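Each chain, written out:
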Amino acid sequence: MSSLNFENLKALAQRFVSQLLQNNYDRAVSQFDKEMKTVLSEVKLKESWEGLTDQAGDLIQMTVLQTVEMEGHRIVSVRCQFERVTIDVQVVFNNKGHISGLNFMPTEMEYHPPDYVDTSAFQEVEVTIGEGKWELPGILTIPHVVSNDTGTLPGVVLVHGSGPNDHDETIGPNKIFRDLAWGLASKGIAVLRYDKRTFKHTAELTTDSISKMTVKEEVIDDAILAVNLMRTRPEINLEHVFVLGHSLGASIAPRIGQQDPELAGLVIMAGSIRPLEDTILEQFTYLYSLSGTMTDEQKATLKSLKVKVARAKDPELSEDVPSKELPLGISASYLLDLRNHPTEEILKNLSMPMLILQGGRDYQVSPTKDYEVWKRELKSRKNVSFHIFPSLNHLFIQGEGMSTPQEYGVEGHVSEEVIELISEWLKNYSKGYDN
């Protein structure tokens, strides 16, 4: 066996996985031994890895799980915990420190219902949102109705945050929308959740279609279809259908309300009114400051990001500006759509009831800069309520200290206090519903 110890091999394995994460497949393959290069080409490695990670979401954390020696080979297991899936990468080294074997093992985290869920209180029905090319699978969680009366239940449609999201809004081991659906259904409220278009139809989304996509196609159109579907259900009181948006879904919930004024009300969970590019810059600045001192690479990234943010704010911004010149590669069409539909202006003519909720430890949506704007804009409305939860993060999960992305990799649940508050508010604005 070579002089390479497991500490050396752990570093090599982490470097290899980092190269996969950065799409540096040529460098990754260069570490293979002769036999591996024959078995697994650069093209095949790319296909295998991207086939697993296309819908995985952002990386939350990467950790070495274990190191073992077996039949003259040393195996290092590296766990990549993404937002929606965890992939264990087994890297096998020969006695010269070259990679002689590789195995990808995706695992879905088991869901453990929180104590406030009563699974005997409801049933779930599979439904389809829309039809044709962009139809989406959904789940309607329906409380068991004691009487034979129909049209008695209030209903709420859940609208996701940014990026491809499944119907549970899965982030690491956490399933925010399942917590909400099961928690609210346990209290007599029907809930509809569904896969987001960018999650379900990744294969159909070309580079050209993504460059032209706006928040209307990504979120709003399907949310309206989901609301209309819920109204057709015999169990639901069609006058008592609400929309609950989280993160991006919360930010644009007023726009959904503007398009469907028959909605009974909106629940805003961690919504930002400010421009998207501003919150992106703030998030990166916050994350890079956590260690106390920024690296040269982080400083360079922030400098580049500030240039892109300025480009996004340019009054002359046009749809022809390449995405690579804009924050996070977001298309100009998308940013212009948000710019042309400012939430503050929409709120001035939106009279429906609203519940505004905010986590005090949220680093993605500011408790001071964002939450306070909602309060300022809506403070005179008697049918608007506000509540901030000091110890909750962006996912409305309990925690301590400064919030980090790694926190999302720890199993938790939407706070019961949040479920209780939403439930009472929804029932209060569902006139005629028997509590």
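This section reports on the structure supplied with the text. (Residues numbered from 1 in each chain as written. Predicted model: local features only at pLDDT ≥ 70, side-chain atom pairs only at ≥ 80, totals over all residues. Heavy atoms only, no water.)

### Quick look at the overall build of the chain
Where we set the bar: The way it works is that DSSP assigns letters per residue, a run of H or I at least four long becomes a helix, a run of E at least two long becomes a strand, and they are numbered from the N terminus. It is over C-alpha atoms that the radius of gyration is taken, and the globule rule equals 2.2 Å times the number of residues to the power 0.38. Classification of residues uses two cut-offs on accessible area relative to the type maximum, computed with a 1.4 Å probe and protein chains only: under 20% is buried, over 50% is exposed, and between them is partly exposed. Only heavy atoms enter the contact rule, under which two residues are in contact if any of them lie within 4.5 Å.
The helix and strand tally for the chain stands at 16 helices and 14 strands. Scaling as 2.2 N^0.38, a compact globule of 435 residues should have a C-alpha radius of gyration of about 22 Å, and the chain matches this with 24 Å. Referenced to the eigenvectors of the C-alpha coordinate spread, the extents of the chain come out at roughly 75 × 55 × 45 Å. The 435 residues of the chain split such that 51% are buried. If you take every contact in the chain between residues at least 6 apart in sequence, the share linking residues at least 24 apart comes to 67%.

### Focus on the pattern of salt bridges
Here the idea is simple: oppositely charged side chains can pair when their charged atoms come close. To be explicit about the condition: A side-chain nitrogen of Lys or Arg and a carboxyl oxygen of Asp or Glu constitute a salt bridge if their distance falls within 4 Å.
Taken as a whole and judged by the stated rule, the model has 24 salt bridges. Close ionic contact of aspartate 370 with arginine 274 constitutes a salt bridge, the shortest N to O distance being 2.9 Å. With aspartate 370 in the loop between β13 (354–359) and α15 (371–378) and arginine 274 in the loop between β12 (265–269) and α11 (276–289), this pair connects stretches of sequence that are 96 residues apart. You'll find aspartate 370 and arginine 274 in the same group, each marked buried. Note that arginine 311 is salt-bridged to glutamate 325, the shortest N-O span being 3.3 Å. In this pair, arginine 311 sits in helix α12 (residues 296–313) while glutamate 325 sits in the loop between α12 and α13 (332–339), placing the two residues 14 residues apart along the sequence. One salt-bridge network, in which partners are shared between bridges, spans Glu124, Asp168, Arg178 and Arg193.

### Re the pairing of β13
Selection rule: A strand pair is defined by DSSP finding two or more bridges across the two strands.
Summarising burial for β13: six of the six residues are buried, a large majority. With burial as the criterion, each face of β13 is covered, one bearing Met354, Ile356 and Gln358 and the other bearing Leu355, Leu357 and Gly359. When β12 meets β13, the two strands line up parallel, connected through four bridges. The residue bridging leucine 266 from the neighbouring strand is methionine 354, located in β13. Where β13 and strand β14 (residues 384–389) come together, six bridges link them in parallel fashion.

### Some thoughts on the packing of helix α5 (residues 176–185) against helix α16 (residues 416–428)
Formally: Note on method: axes are straight lines fitted to C-alpha atoms, helices fitted across the in-contact stretch only, with angles between N-to-C directions ranging 0 to 180 degrees. Each angle is binned into one of four classes, with values under 35 degrees roughly parallel, values over 145 roughly antiparallel, values of 65 to 115 roughly perpendicular, and all other values oblique. Crossing handedness is read from the near helix: turned anticlockwise from the far helix by less than a right angle, it gives a left-handed crossing, and turned clockwise, a right-handed one. Under the scheme applied, nonpolar residues are Ala, Val, Leu, Ile, Met, Phe, Trp, Tyr, Cys and Pro; charged residues are Asp, Glu, Lys and Arg; polar residues are all the others, including Gly.
Orientation of α5 relative to α16, taken along the N-to-C sense of each, is 55°, at an axis distance of 10 Å. Considered as vectors, α5 and α16 are oriented oblique to each other. For the pair α5 and α16, the crossing hand works out as right-handed. Contacts between α5 and α16 involve Asp179, Leu180, Gly183 and Leu184 on the former and, on the latter, Ile419, Ile422, Ser423 and Leu426. Taken together, the residues of the contact of α5 with α16 sort by class into five nonpolar, two polar and one charged.

### Description of the side chain of asparagine 237
Within the secondary structure, asparagine 237 sits in strand β11 (residues 236–246). Using a relative accessible area of 19% as the deciding quantity, one classes asparagine 237 as buried. Those residues in contact with asparagine 237 that lie beyond four places of it in its chain are Gly151, Thr152 and Leu153.

### With respect to the packing of α11 against α12
Their axes nearest at 10 Å, the elements α11 and α12 cross at an angle of 170°. Relative to α12, α11 is oriented roughly antiparallel. For the pair formed by α11 and α12, the contact residues are Glu277, Asp278, Ile280, Leu281, Phe284, Thr285 and Tyr288 on the first element and Gln298, Thr301, Leu302, Leu305, Lys306, Val309, Ala312 and Lys313 on the second.

### Remarks on the packing of aromatic side chains
Condition: In summary, the pairing rule links any two rings of Phe, Tyr or Trp, Trp by its six-membered ring, whose centres are within 6.5 Å, and it sorts them by plane angle into stacked for under 30 degrees, edge-to-face for over 60 and tilted for everything else.
As enumerated under the stated definition, the model contains 11 aromatic pairs in all. A centroid spacing of 6.0 Å and a plane angle of 45° characterise the contact between phenylalanine 16 and phenylalanine 32, whose relative ring orientation is tilted. In this pair, phenylalanine 16 sits in helix α1 (residues 6–21) while phenylalanine 32 sits in the loop between α2 (25–29) and α3 (34–39), placing the two residues 16 residues apart along the sequence. Side by side, phenylalanine 16 and phenylalanine 32 carry an identical accessibility label, which is buried. Plain terms: the ring middles of phenylalanine 242 and tryptophan 425 are 5.8 Å apart, the flat faces sit at 65° to each other, and that makes the pair edge-to-face.

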